[in-house]
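Coordinates in review
Here are the chains, one letter per residue:
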Amino acid sequence: MVRRLAVVLAAAVILSGCTEQRLFAVKAVAAGVPSLAPFFEEDGSLGTDETKLRPEQAHSGLQQGNTPGLYGGTQKPKVCDVDRLKDFLTDPRNRQKAREWARIVGITPDRIEGYIDDLTPVLLRHDTLVKNHDYKKGKAVAFDALLEAGIAVLVNDQGLPAVKCSCGNPLQSFDKDPEKISVKFEDGNKKWDGYEKSDVVTVKPSPQPLEQIALLDVDDPDQGINRPVGSSGENDEPFDATKEHAVPRVAGMTFDQASQRLSELGLAATGSDGLPSGDAAVTGSDPGPGTELRFGEAVTLSVADDGEEPGTPPNSDPSKEPSTDDPASDDPTTDDPSTSDPTTEDPDTDDPDTGDPSSSEPTTDRPTTGEPTTSEPTTAVPTTPTTSSTPPTVEPTSAEPTSAEPTSADPTSVEPTRSEPVTSEPASSEPGSSGAPPSGESAAGPA
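Residues numbered from 1 in each chain as written. Predicted model: local features only at pLDDT ≥ 70, side-chain atom pairs only at ≥ 80, totals over all residues. Heavy atoms only, no water.

1. What about the packing of aromatic side chains?
Counting across every chain of the model gives seven aromatic pairs. Note on Phe39 and Tyr135: the rings are 5.0 Å apart at their centroids and 55° apart in plane angle, and the pair reads as tilted. Here the residue Phe39 occupies a position in the loop between strand E1 (24-29) and strand E2 (62-64), and Tyr135 occupies one in strand E5 (residues 128-136), the gap between them amounting to 96 residues. Stacked on the ring of Phe143, the Lys or Arg Lys27 has its end atom at 5.4 Å from the ring centre. In this structure, Lys176 is placed above the aromatic ring of Phe24, and the distance from its NZ or CZ to the ring centre is 5.9 Å. (Phe/Tyr/Trp six-rings, centres within 6.5 Å; stacked < 30°, edge-to-face > 60°. Helix = DSSP H or I, 4+ residues; strand = E, 2+ residues; numbered from the N terminus. Lys NZ or Arg CZ within 6 Å of the ring centre and 35° of its normal.)

Printed below as a string of C-alpha cells:
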C-alpha cells in the first residue's frame, strides 16, 4: 500500500510539473518604469507614459487593430517624440543598434526613417501582450511582455504595437496562447492597480490597412479623437464619443467585412467564442440590427458552423440558415442545387435540379445522348425491363426544356442515360452546384 501511494504521489508531482512547463513566462512591464536594457536611454526625452491610467475591462481577449477605442489619445504635448527616435537610429554612432532594430522590424536600416514616419503614437487602454526586445551585448533579445495600460506606443497601419515610446524598443505581436501565460512581476515592475488576467488583450492585425485610428480621449471619456495614421496629433479631429449609432445588418457578410462595417460606425466586433477566421460567414449579431450603441461598444457576431458553405449566410433570415444545411442531404425538395451531388443516383433528387434554368445546359446533353440511342437500342435493351419504369415519372419535371418532351414519351430514350450515370449525371449537377455559392458571395459585400 505504501509503495502504491508513493507511485501515485510521484505521478501527481510529474503531472503538475508538466502543467507548469506548459505555461509561458511573461514579464510584466509597468507604466513609467525604466527598462533595464533599452535601445534608447530612458530619460523621458523620447516618450512618456500615463502612469495613472487604469486598465479598462476588455470585451474580448483578442481584438483587431481596427477596433474603435482599443487605444487612447490625449490633447497634451507629444507622448512620443518620433523625430528624436529617427535621429537616434540614423546616427552613425548607433549603427549596430539600428541594424538590430531594423532586423526585428523586418526592414533594411536605410528604410528606418520612412518606416517610423508611417507609425502613430497612442496610449494603451488595456494591459496588452506583446513580444518585446531588450538590447544586450550588441544584439536584440526577445522576451514576452505584458505592457500596462497607460504605456505610450507607436502602432503601424494594421493597428499593431510596433515601438515602445519611452525606450525605443521594437515590438512584435504576441504569438503564444494567452490562456497559458504566467505573468512575472519583478525588477521593479510591481503588480499594478486594476490588473486582472481576464482583461489582458492580444492585438490581431486589422483586416484592412488603416487610414486613421479612432481613439478615446483618456482625459475626457466622452470625447473621441480621429488620428490620421502617420501623424502625431497635429491633425487630430475630435468627435462626440457619446453619440450612438445603430447596429447595421451584417448577416451574409464575412467576419472581416462585418468587422470593417462596424468599425466605420465606431463599434467593435467580437465573436461568441473569440475571433473566428476572417472569411467566416456571419449569420447574425447580438445586439441585432437597429440597436443603438455608443462609441467603442461591442457587437457579438455569430458565424456559420465549419461545415456550412460560405455562400449560405446571405439568406435574409439568419435563423433559418442552419436548416438549409441539415436536411439538404436527405430532403429532395430543397432548392439548393448543391444537394444534387450526394444524391445523383437517386431519381427523386433530380426534380429540383432539372427544373432549375441553370441546369438547362446539362439537360440538353441528356436528350442529345438519348435521341441517337433510340436509333441504336442495343445499348438500352439490357436495362430497359428493370429501370425504364421509374424515369418516366421523373422526366416530366424537365419538360421546361423543349428537348425533354420526346424523352418522357419514349421510355427507351431515357434508359441510355440511366446506363451511364457516372459520366452523365454528375456532369449535369456540377455546374448547378458550383454556380450558386458565388452569387451568395457577391451578395455578401458590405452595405
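On we go from here.
2. Quick look at the sheet that holds strand E6 (residues 139-147)
On the basis of which strands lie adjacent, the open sheet formed by five strands has the order E9-E5-E6-E1-E10 and mixed pairing. Strands at the two margins of the open sheet, each flanked by one partner only, are strand E9 (172-173) and strand E10 (181-184). Bridging between E5 and E6 involves nine bridges; their strand directions are antiparallel. Residue pairing in the sheet places Val130 in a bridge with Ala145 of E6. (Pairing = 2+ DSSP bridges.)

3. Some thoughts on the pattern of salt bridges
The tally for this structure, following the rule as stated, stands at 13 salt bridges. Among the salt bridges present, the one from Lys27 reaches Asp187, with a minimum N-O distance of 3.7 Å. Here the residue Lys27 occupies a position in strand E1, and Asp187 occupies one in the loop between E10 and strand E11 (202-204), the gap between them amounting to 160 residues. Within this structure, Lys131, Asp144, Asp175 and Lys176 form a network of salt bridges that share partners. (Salt bridge = Lys/Arg side-chain N within 4 Å of Asp/Glu carboxyl O.)

4. Brief notes about the pairing of strand E8 (residues 161-164)
Relative to E8, strand E7 (residues 152-155) is paired through three bridges, and the arrangement is antiparallel. Within the sheet, the bridge partner assigned to Leu154 lies in E8 and is Val163. Hairpin geometry of E7 and E8 is characterised by an intervening segment of five residues between the two adjacent antiparallel strands and by a positive phi of about 80° at Gly159.

5. So, the side chain of Asn94
Here Asn94 lies in the loop between helix H2 (82-90) and helix H3 (95-105). Side-chain polar atoms of Asn94 contact the backbone oxygen of Phe88, separated by 2.8 Å. (Polar contact = N/O pair within 3.5 Å; in protein donor to acceptor, adjacent residues only side chain to side chain.)

6. Description of empty space enclosed by the protein
All told, the structure shown has six cavities of 30 Å³ or more when counted by the stated rule. Roughly 110 Å³ of internal volume is contained in the largest cavity. Lining the largest cavity we find 13 residues, and of these Lys27, Pro34, Ser35, Leu36 and Asn189 sit closest to its centre. Those elements that place two or more of their residues in the lining of the largest cavity are E1 and E5. The element that contributes the greatest number of residues to the lining of the largest cavity is E1, accounting for three residues. Each residue belonging to the lining of the largest cavity can be placed in one class, and the counts come to six nonpolar, three polar and four charged. (1 Å grid on protein atoms, 1.4 Å probe; cavity = no way out; pocket = protein on both sides within 12 Å on 5 of 7 lines; lining within 4 Å. Points joined across faces, edges and corners; volume = space filled by probe spheres on them. Nonpolar A, V, L, I, M, F, W, Y, C, P; charged D, E, K, R; others polar.)

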